[in-house]
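Spelled out, the chains give:
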Amino acid sequence: MSFKCPFPIVMGTTYGNGISHFDKTLILFEIKQLLLDLCEGHFIHLVSFIDKETGLFVDAKGYWTLDEVKVDLKDPEGYFALYYFDKAKLDQKKGSIGNLTIREVFTQAGPVFIDFYIGSKEEVELKFRFPDQPKLERYLINPSFIKLKNSWYLHRMF
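Residues numbered from 1 in each chain as written. Predicted model: local features only at pLDDT ≥ 70, side-chain atom pairs only at ≥ 80, totals over all residues. Heavy atoms only, no water.

Some words on the nonpolar core
Phe80, Phe106, Phe128 and Phe158 are the most contacted members of the largest nonpolar core, which totals 41 residues. Only helix 1 (21-40), helix 2 (66-74), helix 3 (79-85), helix 5 (102-109), strand 4 (112-120), strand 5 (123-129) and strand 7 (151-156) provide two or more residues apiece to this core. The greatest single-element share of this core, amounting to seven residues, is contributed by helix 1. When neighbours within four sequence positions are excluded, Phe80 is seen to be in contact with Phe43, Leu46, Leu56, Val58, Trp64, Val69, Asp72, Leu73, Phe85 and Met157. (Core = buried A, V, L, I, M, F, W, Y, C linked by side-chain atoms within 4.5 Å. Buried < 20%, exposed > 50% of the residue type's maximum accessible area, 1.4 Å probe, protein only. Helix = DSSP H or I, 4+ residues; strand = E, 2+ residues; numbered from the N terminus. Contact = heavy atoms within 4.5 Å.)

Looking at the packing of aromatic side chains
Geometry of an aromatic ring pair is reported as the spacing of the ring centres plus the angle between the planes. Scanning all chains against the criterion turns up 19 aromatic pairs. Relative to Phe158, the ring of Tyr84 lies with its centre 6.0 Å away and its plane at 75°, an arrangement referred to as edge-to-face. Taken together, the residues Tyr84 in helix 3 and Phe158 in the segment after strand 7 connect sequence positions 74 residues apart. Per residue, the accessibility class of Tyr84 equals that of Phe158, and both read buried. Consider the rings of Phe106 and Phe128, whose centres lie 5.2 Å apart with planes at 90°: the pair is edge-to-face. Of this pair, Phe106 sits in helix 5 while Phe128 sits in strand 5, and the two are 22 residues apart along the sequence. As far as burial versus exposure is concerned, Phe106 and Phe128 are alike and both buried. Ring pairing ties together the aromatic residues Phe7, Phe43, Trp64, Tyr79, Phe80, Tyr83, Tyr84, Phe85, Phe106, Phe128, Phe130 and Phe158, which thus form one cluster. The residue whose ring lies beneath Lys24 is Phe116, and the NZ or CZ to ring-centre distance is 5.4 Å. (Phe/Tyr/Trp six-rings, centres within 6.5 Å; stacked < 30°, edge-to-face > 60°. Lys NZ or Arg CZ within 6 Å of the ring centre and 35° of its normal.)

A look at the state of the cysteines
Evaluated as defined, the whole model comprises one disulfide. With its sulfur 2.1 Å from that of its partner, Cys5 forms a disulfide with Cys39. With the S-S dihedral at roughly -100°, the linkage between Cys5 and Cys39 falls on the left-handed side. In this pair, Cys5 sits in the segment before strand 1 (9-15) while Cys39 sits in helix 1, placing the two residues 34 residues apart along the sequence. Given a relative accessible area of 1%, Cys39 falls into the buried group. (Disulfide = S-S within 2.5 Å.)

Here's the deal with unusual backbone geometry
With an omega of 0°, the peptide bond running from Cys5 to Pro6 counts as cis. Along the polypeptide, Pro6 turns up in the segment before strand 1. Positive phi, normally seen in glycine, also occurs at Lys149, with a value near 50°. Mapped onto the fold, Lys149 is located in the loop between strand 6 (144-148) and strand 7. The backbone phi angle of Asn150 is positive, close to 70°, even though this residue is not glycine. Checked against the element boundaries, Asn150 lands in the loop between strand 6 and strand 7. A residue is classified by how much of its surface remains accessible, and Asn150, at 65% relative accessible area, is exposed.

Quick look at the structure:
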């Protein structure tokens, strides 16, 4: 499948209030950078968007420290390599053919709409919507960001 980086991103709907336009812009910048990294096949910016004290929830059940994220990103057999980038290894691990990596979800999705759900002035959840391929949305969890010491950090991966 051929595609172009970056993925087409569209600002969606904002639910709630309590953060400034500037804060929204910062969060949007971070998520766009992560999606560009995903498109290009790496996560070189991910570590810089994680707070060293709070770490990262990588899926619905898994919490990792910043050091654990760093180690995994270097591992060609690690979680990020498997679930985000390497279809062959994902198929092998799951024992079936046709599984989609997160990268493949975004490459097939068409335009990506990003909705903001503002929980408070320090907590924002995003939802990716794929109007052209809504069934692909089930492969993702909603990323969330937290504001600590005046900076926004990714707190839950997508």
